[in-house]
Amino acid sequence: WSLYSGATRQATELVASTTKDDSNKQRLSRSMAAHAARSLITTLPYALENHSGLNASYSIGEEHLQLPSNSTRFFQFDLFPESGSGGMRNYGQDVKKPRAVTVFVGDTEICIADIDREVGNRHAYFILEYATYIFTYVVKRGNSTVLHLSSQVEMYNLSSLPFRIAIFKDDTSQDLGHLSPIKKEKRKNEIREGNEPLSSHAIFGFPAPLISGFAVDSIENIQIQLIPVTNDNSELFGTLIVPPLQQLINMTGPGKDTVFEVSCSNWKETPFPSLVANVRTNVSFTGDSHPFIQLLIEPRAIMVNKLPIKTLVRTPMPHTYRTEGPQHQVDDESNEIVHSLNHNESVEIFTPGPSIALSMKLATSPISGTTTGWTDGVWKIIPLGKTEKLSSQGLRCLFPFEPTSQKSNQAPFENIGGIEIFILEEEDASPDFADKQNSLEGRKENFNENSTRTLVFTACNVAVDHSGCVLFKEEFESRIGDDKGKKDQPLFSSPVPVTLFPLSAFPSPRSRRRISLLPRSSRMIRVILQPVEGGTKRQSKPFTVSDVPLLEGIDSMPIQWSDNTQSGLFAYRELTAEGSELHIIPEYIMFNGLNRHFVRIQQISNMPTLLDPLNVTRAKTITLKPESTSQIKRDKSNSIVTQLEIPDLSGVTDPVHVDTVGLKICILKSKVNSEPIGSLAIQTVTGGKDSCL
């Protein structure tokens, strides 16, 4: 450790001496401290954690150490001695030796014969004096094997709100401390660091002496006070009454949790609930069927953004909080709460009442196409409650187009259209696969109380444009025909054809391509070629997303224009957790495999002949940086002829066909005297996710 700490200290001083920015020095110090902590845990792979409310001690071999309540102790086992001259050791001998730990709680001695063999086993319990129960269990947490010492009841905070917890005993209230949120990536997999106190941890056990009568008395319950710690410092109080042990066991049953709704309010101001949290009760059993109870604080529901685009979520109702990151903003005019959510970010809902009203808007401006506004119509109402659930088809929403100008002969504003999305329960993959026969009543009967209710808002399909020059347009006529007689009636009911705006294209930080949100797989769509530099606007034949094969590269589906000519674009489809991802790719891309030189590619529309070698028409010039790509298309003669030039070397090749698969070696000639100065290999191969060839 001395060698390691000395080396890190020297490295810190060296960087600090060359860094003028104080913020960089602080970040460096925090990084080094975190790295040192990780290294220490790696070298101390075992830990004891005590959150039983009782002081304890432990021994490893001949060493006897204290284990106070609400503390964690890291340790390691000494290497076992081996007989033989020169300190000989056998490979793998330490694995065969049991690692025994003895824990002392009062006069009770708890012996763990081999801590490694206890990982994943059921809880074990021990009876102390005055009917006090202590439970032990061993789990793997990161690099450490942790032996937990707990009382019969543990509490976790799986929400984003911190809570203060108190317990009532003999008509008096005892403050247990501050229950912090468990970080999302750790969720019930966290261990306390060093001597971190209970008052700032996200999991603790109720002190065993305070709940000693709960295990033996058939009528004694546990009365817990929950005090949410909110940003506005409002004094809200809620009470959870855990029923007697046998009644709680009967309520949960095997493999089924019980959810209690805890209403928190300020009785000095109003008796009505202001914040509601769920407490899920899980009962597991030891090897001889003794119950162990876990109480998990959760929000009423979680709303997750599954759209690949940053989205705004607003609500006029209180107590909605982001799971991670900066919290909400309040609209000064309407006093509404607005959350900004990136992909996979979420909002936790603690709103009281039977439902919550929401509205959404795409926060990212389109790079092509028409901007969109807040979801159409009035607020979207999401039912809340322990057994409430949306139908398998979800709740349909529409981001309406908001054109900057509108001609007199255009359709009314409400008939212009928009981008379709859905709000779904997490277990419902997509409206495309919704079970139309699954009634809402049947879904409520099969409601799963073993996990927090999670709602997602998502699009049925997403298009990824690799060409950078197309938009998508939904066929209006197909919508009326496809949806006739269905419960979710089409947005437009007029039989008169309406000219819809193309679906907008947005930048994507994940794929680094243009993306568009597409309707259901059964809808007819067209690919629209954006005109550039006086070009003509063209559109493809209509097709559906389900028509596109799950094959990429050279096996992709060619896209034809409406006049039956080839577009030079291809499509393939990938399945995702939310639906399908439609990729539009060019037929050819060119890649500069040189790691130092720029390459200038001149596309030639006609090949020179021996009789007229100077008859060369250069249709297009492309300059490629080292290890970069660019698209290239066939000419009017349905071929690709290129001439390559390396400006740094003043060298150029003869024109060569590159539209067929194969390898060609081209002589690089000097532009000054036409003398050969080297050679270039030009290889055309089958493409993958970015192109056909």
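Residues numbered from 1 in each chain as written. Predicted model: local features only at pLDDT ≥ 70, side-chain atom pairs only at ≥ 80, totals over all residues. Heavy atoms only, no water.

Here's the deal with unusual backbone geometry
And then number 1: For Asn564, which is not glycine, the phi dihedral falls at a positive 70°.
And then number 2: Tracing the backbone through its elements, the reader meets Asn564 in the loop between strand 36 (557–560) and strand 37 (566–575).
And then number 3: The phi dihedral of Glu627 falls on the positive side, at around 60°, and the residue is not glycine.
And then number 4: On the secondary structure map, Glu627 appears in the loop between strand 41 (617–624) and strand 42 (629–632).
And then number 5: Taking relative accessible area as the criterion, Glu627 reaches 55% and is therefore assigned exposed. (Helix = DSSP H or I, 4+ residues; strand = E, 2+ residues; numbered from the N terminus. Buried < 20%, exposed > 50% of the residue type's maximum accessible area, 1.4 Å probe, protein only.)

Let's talk about the sheet that holds strand 34 (residues 525–529)
And then number 1: Strand order in the open sheet formed by three strands is 31-34-35, and the pairing between neighbours is antiparallel. Both edges of this open sheet fall to strand 31 (470–474) and strand 35 (538–539), since each of them pairs with a single strand only.
And then number 2: Two elements, strand 31 and strand 34, share five bridges in a ladder whose sense is antiparallel. The residue of strand 34 that forms the bridge with Leu471 is Ile528. (Pairing = 2+ DSSP bridges.)

Quick word on the confidence of the model for the protein chain
And then number 1: Looking at the protein chain as a whole, the pLDDT averages 79, with 74% of positions reaching at least 70.
And then number 2: Low pLDDT, under 50, characterises residues 184–200; the predicted model gives this stretch 53 contacts beyond four residues in sequence or across chains.
And then number 3: In this model, residues 478–499 is a region of pLDDT below 50 whose contacts with residues beyond four sequence positions or in other chains number 35 contacts. (pLDDT = per-residue confidence, 0-100. Contact = heavy atoms within 4.5 Å.)

Thoughts on the layout of surface pockets
And then number 1: In this model, the second largest pocket occupies a volume close to 570 Å³.
And then number 2: Met590, Phe591, Asn592, Ile682 and Gln683 are, among the 24 residues lining the second largest pocket, the residues nearest its centre.
And then number 3: Mapped onto the lining of the second largest pocket, the elements with two or more residues apiece are strand 39 (588–591), strand 40 (599–606) and strand 47 (676–684).
And then number 4: It is strand 47 that contributes the most residues to the lining of the second largest pocket, five residues altogether.
And then number 5: Of the residues contributing to the lining of the second largest pocket, the split by class is 17 nonpolar, seven polar and no charged. (1 Å grid on protein atoms, 1.4 Å probe; cavity = no way out; pocket = protein on both sides within 12 Å on 5 of 7 lines; lining within 4 Å. Points joined across faces, edges and corners; volume = space filled by probe spheres on them. Nonpolar A, V, L, I, M, F, W, Y, C, P; charged D, E, K, R; others polar.)

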